[in-house]
Amino acid sequence: MPRFRIDVFITNKPAIRDPEGESILQDLAIRNGFVSVKSIRTGKVLAMEIEAENVELAKSKVMEMCDSLRLYNPVVSSCSVRVASE
Amino acid sequence: MAQKMIFSLTSNELLAIKDGMKREPNDVELSIFDAQWAEHCSYKSSRSLLSLLPTRGKRVILGPGYDAGVLDIDNNQIVTIHIESHNHPSAIDPYGGAATGVGGVLRDILSVGTRPIAILDSLRFGDIEKSPQSRWLFKNVVRGIADYGNCVGVPTVGGEVEFDESYERNCLVDVVCLGLGRRKEVVLAEASHPGDILILVGGRTGRDGIHGSSFASRDLASGSDERSAVQIPDPLTKKLIVEATLKAHSGGYVRGLKDLGGGGLACALSEIADKGGTGLDVDLSRIHVREDGMSPAEILISESQERMLFVVKDELKDDVSAVFRRYHVQYSIIGKVTSSRRLVIRVNETKVADVPVDLVAHAPLQLWPSKRPEYLDLGVSIEKPPLPRNISETIIRVISSPNLASKKWVYEQFDYEVGLHTVLKPGDSGASVLRITDDKFIAISLDGRPNHCYRNPRQGAMGTVAEAARNTISVGAEPIALVDHLQFGNPGNPEVFWTLTESVKGIADYCRFFDLPCVGGKVSFYNEDVDTKRAIKPTPVIAVLGLLKGARHIRSRKLTPNGRMIVLIGQTENELGGSEYYRYIHGMSGGMPPNLDFHRERGAQRLVADAVRVGLLDAIDDCSSGGLIATISKMCIAGGIGAHIQLEKILSDCKRWDDLIFSESHSRFVVTLDPDKYQGLANIAKNHQIPYSLIGNVEGDKLVLTNNGDEIFSEGVHTLEKTSNDKIPSIMGH
Amino acid sequence: MKVAIVQFPGTNCDRDTYYILKDVLQADAELIWHEDLGMDTFDSAVIPGGFSYGDNLRAGVIAAHSPALRQLRKAGQDGKPILGICNGFQILIESGLLPGALLRNSSLRFVCRWVNVRVEAGNSLFTTFSRNGTILKMPIAHNEGRYYAEGDLLASLEMNGQIIFKYVDEGGQPSKPSNPNGSILNIAGVSNYEGNVVGLMPHPERASESLLSPFRTTDGLQIFRSMLRSVEVLLKR
């Protein structure tokens, strides 16, 4: 069975604040002269390897796991998957 | 896009508003009423009941009705105390909900002009041995409290954790905060001087937490509109606000101070105007917001975290602004105090709301019917459970049950040392002891006994106060005040309302008899399962504050070789109803709960206090949850020394060994002392007419129980400690 | 003789450190906001614990870019004693004044606990009051305290005597159970090559009064006393 690398990105939902990202932007980037940087959002990346028949099944299996095991709290965070490689 | 407004005002309340305004209110005005008249802000269901609680005392400077209770501890020093819960937000986002709960109570302490010096928390979850959801909640609530408190630099010094199926769908997250300041520097949440300037300080106002306050006042629904109630913690900003506020305050720039909590700006404005007897004129366009396109109502009721409202003399606004800039804290000058007795809200020049302060600040009382629940009669006379066959195994199971096992896994995640106040650390005793000066200390204990309250709310509530008081006495302190947090289901359910009424009466009974003032409290309703409508067990949580003078009087539960005799003060009754033993071993909630006899309780408390004062006692602990065996075991573990207890010496009518060692009778203490001092203790006990029994000795490295010479239990203290320490980590997976 | 106690946004052990230096040891200490720090007027500096900039991104990394660190780097080169406690240690590491890295605790949890710390080398300016092998009882309270250095660096630290403190058990052995955070070789504190810049994760300021110690000890004072004596010696030179 083919094996896929799937990256899971967990971030606060767009409407929900991210004080850590705000602090990195203000206190580190802008303060030290990188004023063209306009926004920083933090998050968590889970790099997974999964065996599946095809890439779509791999993605849906990973998403199913994220939802059913509460790898993120849907109240606060959004979760997206991206294919890193096959 | 502005959200559609959803109001939870009742039709009677709408009528009262129209009546008072003499016209139709607009949506912005309604949103102000909706926020301020929510249960959370107005206490409309509980206000008349709460007036039963005695609030005056010789040390009380400020009592309920302000952001924090303020107590005089002599020499111009004051201690402030407040309790808050964040139950509903924690149930959907345990990390953020618990963290912002800590943030909220810190602001209350800051609002009276005092520096927060300690946090305690009282946490309740479902059965973590069975429920993955409860484990998830527990883990993230603890982490949320830790990350927030640790970062702000306020130590979390104690508290309690209880697991019970009743909380499976409604976890309880209560936080107590203590503050320290000077008597002359108390600041009030009042805008008393027309012409003063209003400055909104701290985080930007966004859509987070919109309708959080009315959300907390409704049943916890699983729908999607909860999202807006999520509040994002920002402890770094909070730390800067704390320092900036105290700096501005010490500069003499602050005339009034109010934190923005439930109900947001709407509630803060109406409360400071009402208390100050003034009016306010506020321009919302000046407020630093996080999102474009927020409607006036959204700005008014937003519960964005980390915000404070300052009332400042006009000519000092530049000085105070300089302080905020230095600490990188954002601020906006949003309006001024007027003499109009009206709350006027504008956006630029356009008036968007104009409401009478008197009307908005005083929600009509809501009266609820009350009915004694039937279950109370059903479970009283029950058959005793079968006597367990294996004594050792039963004892080990009880004392290492999740409720009685060591909470080291929890408190090691908290910085309990920062601030150089913490004399007794978590686990050392039932109460925390904090240094104020090298010979003045405060003690605090936070307790809840829902399983007793479930059997008899009045007795249970009284007993909860007694237990918290005994814990402060056990460390050598004298109780000076309490705060309460009353957590119940839907007040519209007559049986729930009856249990609330009884609990308040129980607390009031205790306060009156012991002359102990209640200096603050909160009420949390709608803690019930959305599907079954089953309410949580009645859960009044009580924090008792004690004062202790002289470092030599500080005591802990740690056994030492100096106190070789073990004495049990008080009588052990056959009172197992609501006990941990019945609950955990037999799965029973019935039976007769412990009865609190005020005279006997006072005698026992005074006996211990007198004996401490003359230096008779070595280790002391209150004897309650889990009974005598749980107490002795904790004392052995804390001291790292063994003990031998002779069961036949215990003064009791109990016929069975399980009743004897697991009974949770009140008015008992376990103390140790040097044999030379035994006669002295006997004399004091006689004065107070309190029974006592010499039940054993501190010796060896094992905890041994014998009955008329037969050994019925023997276990190494190290094994007991390991079993107790390993319990929670083994359930949590690491 | 003057000691600067440097405050960053989020520093929270500044007042505690000040209390011990000023009130307990009667040293001439001053709390100083990071933007105002000029090391010309100070003979030594302490970076106290806390959560500078909320530990955002990585503990200590944002403060390490503060102008205050240029001041401290210069002072370090001049041989002035500089002590980083907990978050102060993290800042000194992130700014390169001290070698190695501090990673998240292996338990993945914040840990607050009293530990035994053994004094290793004798050539740091902060251990002149302690004999080698002395065991100090001090509390730790951190989330990112797992000291890490790779092979060659670690070997050079050992060779140069830059490992100053190790976590040990009651018997004085750097055993696995006595290691609270997974630090390599049980390392609790290190120095620069010269020995005048030291960082440690435990909190000596919390272990300087018998009233607050579960063991009635005041071991933390040894570190502060060593620092003050070193300053005196340097000033006499």
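Every value quoted in this text rests on a predicted model; they were computed, and no experiment measured them. (Residues numbered from 1 in each chain as written. Chains lettered and ligands numbered in written order. Predicted model: local features only at pLDDT ≥ 70, side-chain atom pairs only at ≥ 80, totals over all residues. Heavy atoms only, no water.)

So what's going on with the overall build of chain C? Residues and values would help.
Counting its regular elements, chain C contains five helices and 11 strands. Over its C-alpha atoms chain C spans a radius of gyration of 16 Å, differing by no more than 12% from the 18 Å that the globule rule assigns to 237 residues. Looking at chain C as a whole, 64% of its 237 residues are labelled buried. Long-range contacts, defined here as pairs at least 24 residues apart, represent 77% of the contacts in chain C between residues at least 6 apart. Of the roughly 8600 Å² of accessible surface on chain C, 48% is carried by carbon and sulfur atoms. One way to put it: in chain C the 23 positive side-chain charges average out to a point 4 Å from where the 24 negative ones average out. (Helix = DSSP H or I, 4+ residues; strand = E, 2+ residues; numbered from the N terminus. Rg over C-alpha atoms; globule rule 2.2 N^0.38 Å. Buried < 20%, exposed > 50% of the residue type's maximum accessible area, 1.4 Å probe, protein only. Contact = heavy atoms within 4.5 Å. Areas by Shrake-Rupley, 256 points an atom, 1.4 Å probe, with all protein chains shown as cover. Lys, Arg positive; Asp, Glu negative; His and termini not counted. Charge placed at Lys NZ, Arg CZ, Asp CG, Glu CD.)

Summarise the nonpolar core; cite the residues concerned and give the values.
Nonpolar side chains in soluble globular proteins tend to be buried together. By size, the foremost hydrophobic cluster in this structure holds 151 residues, and its most contacted members are Phe138 and Phe310 of chain B together with Leu21, Leu83 and Phe165 of chain C. A total of 10 residues in this core trace back to one element, the largest contributor, which is helix 7 (residues 132-152) of chain B. (Core = buried A, V, L, I, M, F, W, Y, C linked by side-chain atoms within 4.5 Å.)

Please give an account of the pattern of salt bridges that cites residues and values.
All names here are of chain B. In total, this model carries 66 salt bridges over all chains according to the counting rule given. One salt bridge connects Arg372 with Asp377, and the closest N-O pair in it is separated by 2.7 Å. Using a relative accessible area of 41% as the deciding quantity, one classes Arg372 as partly exposed. Across the pair Asp610 and Arg613 runs a salt bridge whose closest N-O atoms are separated by 3.5 Å. Remark: Arg613 and Asp610 occur in helix 21 (residues 598-613); sequence separation between them is three residues, near one turn of the helix. Judged by relative accessible area, Arg613 falls into the exposed class, the value being 54%. Salt bridges sharing partners connect three or more residues here, namely Arg107, Lys238, Asp259 and Glu306. (Salt bridge = Lys/Arg side-chain N within 4 Å of Asp/Glu carboxyl O.)

Describe the sheet that holds strand 3 (residues 77-85) of chain A, and please don't skip the residues or the numbers.
All names here are of chain A. Overall, antiparallel pairing links the three strands, which are arranged 2-1-3 in an open sheet. Each edge of the sheet is formed by a strand with only one pairing partner; in this case those strands are strand 2 (43-51) and strand 3. Each adjacent strand pair in this sheet contributes to an overall mean axis angle of 25 degrees, direction not counted. (Pairing = 2+ DSSP bridges. Axes fitted to C-alpha atoms, helices over the stretch in contact; angles between N-to-C directions.)

So, the side chain of Ser124 of chain C: which residues are in play, and what are the values?
All names here are of chain C. Summarising the element assignment, Ser124 is placed in the loop between strand 6 (111-119) and strand 7 (135-142). Residue class for Ser124 comes out buried when judged on its relative accessible area of 1%. A distance of 3.1 Å separates the side chain of Ser124 from the backbone nitrogen of Phe126, its partner in a polar contact. In this structure the side chain of Ser124 is engaged in a polar contact, spanning 2.8 Å, whose partner is the side chain of Thr127. Not counting residues up to four positions away in its chain, the partners in contact with Ser124 are Ile164, Gly195 and Val198. (Polar contact = N/O pair within 3.5 Å; in protein donor to acceptor, adjacent residues only side chain to side chain.)

With reference to specific residues and values, describe the confidence of the model for chain B.
With 96% of its residues at a pLDDT of at least 70, chain B reaches an overall mean of 94. The low-confidence segment residues 213-227 of chain B (pLDDT under 50) makes 44 contacts with residues lying over four places distant or belonging to another chain. (pLDDT = per-residue confidence, 0-100.)

Help me get a handle on the side chain of Glu162 of chain B, residues and values and all.
Residues and elements named next belong to chain B. Examined against the element boundaries, Glu162 turns out to sit in strand 5 (residues 156-163). A distance of 3.3 Å separates the side chain of Glu162 from the side chain of Asn451, its partner in a polar contact. Ignoring anything within four residues of it in the chain, the contact list for Glu162 reads Leu123, Arg124, Phe125, Asn403, Gly448, Pro450, Asn451 and Glu580.

Give me the lowdown on the pairing of strand 9 (residues 163-168) of chain C, citing residues and values where you can.
Residues and elements named next belong to chain C. For strand 9, the tally of buried residues reaches six of six residues, placing the bulk of the element in the interior. Here four bridges tie strand 6 to strand 9, and the two strands are oriented antiparallel to one another. Counted as the bridge partner of Arg118 is Lys166 from strand 9. Bridge count between strand 9 and strand 10 (residues 187-191): three bridges; the pairing is antiparallel. Across the sheet, Phe165 pairs through a bridge with Gly189, a residue of strand 10.

For the interface of chain B and chain A, give the residues involved together with the corresponding values.
On the side of chain A, 12 residues touch chain B, which itself brings 13 residues to the contact. Taken over both partners, the interface formed by chain B and chain A buries close to 1100 Å², and the fraction arising from carbon and sulfur atoms is 60%. The partner of Asp234 of chain B in a salt bridge is Arg17 of chain A, and the shortest N-O contact between them spans 2.9 Å. Counting across the chain B and chain A interface gives two residue pairs in polar contact (both at pLDDT 80 or more). Of the residues contributing to the side of chain B that touches chain A, the split by class is seven nonpolar, one polar and five charged. (Buried area = accessible area lost by both parts, 1.4 Å probe. Nonpolar A, V, L, I, M, F, W, Y, C, P; charged D, E, K, R; others polar.)

So what's going on with a positive patch on the surface? Which residues, and what values?
Taken together, Lys44 of chain A, Lys139 and Arg143 of chain B together with Arg104 of chain C make up a surface patch of like positive charges. For Arg143 of chain B, the position within the fold is in helix 7. (Patch = residues over 30% accessible without salt bridge, like charges linked within 9 Å, V, L, I, M, F, W, Y side chains within 5 Å.)

Provide a residue-level description of the sheet that holds strand 6 of chain C, including the pertinent values.
Backbone-to-backbone hydrogen bonds pair the strands of a sheet. The strands run either parallel or antiparallel. Residues and elements named next belong to chain C. In space, the nine strands of this open sheet follow the order 2-1-3-4-11-10-9-6-7, with mixed pairing throughout. The sheet terminates laterally at strand 2 (29-33) and strand 7, the two strands that pair on one side only. For this sheet the average axis-to-axis angle between neighbouring strands, irrespective of direction, equals 25 degrees. Bridge analysis of strand 6 against strand 7 gives eight bridges, and the strand direction is antiparallel. When the sheet's bridge partners are listed, Asn116 is paired in strand 7 with Lys137. Sitting on the sheet, helix 1 (residues 14-24) is in contact with strand 1 (3-7), strand 2 and strand 3 (44-47), with an inclination near 160 degrees to strand 2.

Go over the environment of Met138 of chain C, please, and point to the residues and values.
All names here are of chain C. Considering the arrangement of structural elements, one finds Met138 in strand 7. Given the relative accessible area of 0%, Met138 is considered buried. It is 18 Å that separates the C-alpha atoms of Met138 and Asn12, two residues lying 126 residues apart in sequence.

Describe the interface of chain B and chain C, listing the residues and the values that go with them.
Frequently, the measure chosen for interface size is the accessible area that the parts lose on association. Each partner contributes residues to the interface: chain B has 31 residues there, and chain C has 32 residues. Summed over both sides, the interface between chain B and chain C buries roughly 2700 Å², with carbon and sulfur atoms accounting for 56% of that surface. On the chain B side of the interface with chain C, the three residues burying the most area are Arg326, Glu412 and Leu420 of chain B, jointly 22% of the side's total. The interface formed by chain B and chain C contains four salt bridges. Asp415 of chain B is the salt-bridge partner of Arg206 of chain C, the closest N and O atoms lying 2.9 Å from each other. Where chain B packs against chain C, one counts 11 residue pairs in polar contact (both at pLDDT 80 or more).

Any chance you could break down the packing of helix 22 (residues 627-639) of chain B against helix 25 (residues 717-732) of chain B for me, citing the residues and the numbers?
Between two packed helices, the angle of one axis relative to the other and the distance separating the axes together describe the packing. Residue and element names in this part refer to chain B. Across the interface, helix 22 lies against helix 25 with an axial gap of 9 Å and an inter-helix angle of 105 degrees. Classified by the angle between their axes, helix 22 and helix 25 sit roughly perpendicular to one another. Residue-level contacts link Ser633, Cys636 and Ile637 of helix 22 to Val717, Leu720, Glu721 and Ser724 of helix 25. The residue makeup of the contact of helix 22 with helix 25, split by class, is four nonpolar, two polar and one charged. (Parallel < 35°, antiparallel > 145°, perpendicular 65-115°, else oblique.)

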